[in-house]
Amino acid sequence: SSGIIGIAFIVLPILFLRHTYLVNVQLQATNRELLNLMVKAIEARDPYTSGHSQRVSEMARVLAREMGLHFKEIDRIATAALLHDVGKIYEEFAPILRKEGKLTPEERQIMDSHPMRSAELVGTITNLRGYVEKCIRHHQENYDGSGYPDGIAGDEIPVGARIVLVADTTDAMTTDRPYREALPFERVLEELDRYS
């Protein structure tokens, strides 16, 4: 009799922990699907960027993994890459995203605000505050300090933001845009090497 009770004391907590783990995995999958849905809704405004954020996220995940980063940091970087352009959901971006010609200085200023707008929006989600939010805010910063929005340089830029910048730039160069065709792979490598 005590053997059955003893087994129950061991098995019941294990079953509870297993159930809790499975519920947590399911919630994480649902959250990822909701983030993907939100990104697809934003990208629907601009046929030229359709799938851009998903490609940038996958490329960032591969780069972070190749750098040997911890799996939790890899996941946060991939999330930042997925959400790096969500600030473009605001209405002032719509006509600029559809424009085929060169941007005016005013339009360029609005476009340059998208990292801040994206970070502010992502910062409203408790689990994404902090590192993910910073990676999004700084994904247009250049290592030499010439980027935006804050003009920070070097190691001040989070590693995740640097990875997102490389993935974002690579995807932009390898896809057709209204103002130019995709660059050949050799040219992309030259550009990455030139600005490394």
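Structure's up top.
Q: In this structure, what is going on with the side chain of S57? I would like to understand it.
A: On the secondary structure map, S57 appears in helix α2 (residues 52–66). A relative accessible area of 6% places S57 in the buried class. Setting aside anything within four residues of it in sequence, one finds S57 in contact with A78, A81 and L82.

Q: Which parts of the structure should I look at to understand the layout of surface pockets?
A: The method is simple in principle: a probe with the dimensions of a water molecule rolls over the atoms, and the space it marks as empty is what remains. For the second largest pocket, the calculated volume is near 580 Å³. Forming the walls of the second largest pocket are 16 residues, and the residues nearest its centre are Q28, D75, T79, N127 and L128. When residues of the lining of the second largest pocket are traced back to their parent elements, those giving at least two are α1 (2–43) and α3 (71–83). Top element by residues in the lining of the second largest pocket is α1. It accounts for six residues. In the lining of the second largest pocket, the residues fall into seven nonpolar, four polar and five charged.

Q: Hey, could you run me through a nonpolar patch on the surface in this one?
A: Side chains of I7, I10, V11, L12, I14 and L15 sit close together on the surface and give an oily, nonpolar patch of about 590 Å² of accessible area. Positionally, I7 belongs in helix α1. Note on I7: relative accessible area 54%, which makes it exposed.

Q: Just checking my understanding: could you explain the pattern of salt bridges for this structure?
A: When the charged atoms of two side chains lie near each other, side chains of opposite charge can form a pair. Using the criterion set out here, one finds 11 salt bridges in the structure. Put simply, D171 and R55 hold a salt bridge, and the shortest N to O gap is 2.6 Å. Placement of the pair is D171 in helix α8 (residues 159–174) and R55 in helix α2, with a sequence separation of 116 residues. In this structure D171 comes out as buried when scored by relative accessible area, which is 3%. R55 sits in the partly exposed class, given a relative accessible area of 31%. Between E58 and R61 there is a salt bridge whose closest N-O contact spans 3.9 Å. Within this pair, E58 and its partner R61 are both found in helix α2, separated by three residues, close to a single helical turn.

Q: Is there a simple way to think about unusual backbone geometry in this case?
A: Cis rather than trans, the peptide bond between Y148 and P149 has omega equal to 15°. Along the chain, P149 turns up in the loop between α7 (131–137) and α8.

What counts, and where the lines are drawn
- Residues numbered from 1 in each chain as written.
- Predicted model: local features only at pLDDT ≥ 70, side-chain atom pairs only at ≥ 80, totals over all residues.
- Heavy atoms only, no water.
- Helix = DSSP H or I, 4+ residues; strand = E, 2+ residues; numbered from the N terminus.
- Buried < 20%, exposed > 50% of the residue type's maximum accessible area, 1.4 Å probe, protein only.
- Contact = heavy atoms within 4.5 Å.
- 1 Å grid on protein atoms, 1.4 Å probe; cavity = no way out; pocket = protein on both sides within 12 Å on 5 of 7 lines; lining within 4 Å.
- Points joined across faces, edges and corners; volume = space filled by probe spheres on them.
- Nonpolar A, V, L, I, M, F, W, Y, C, P; charged D, E, K, R; others polar.
- Patch = residues over 30% accessible without salt bridge, like charges linked within 9 Å, V, L, I, M, F, W, Y side chains within 5 Å.
- Areas by Shrake-Rupley, 256 points an atom, 1.4 Å probe, with all protein chains shown as cover.
- Salt bridge = Lys/Arg side-chain N within 4 Å of Asp/Glu carboxyl O.

Coordinates in, geometry out; function isn't part of it.
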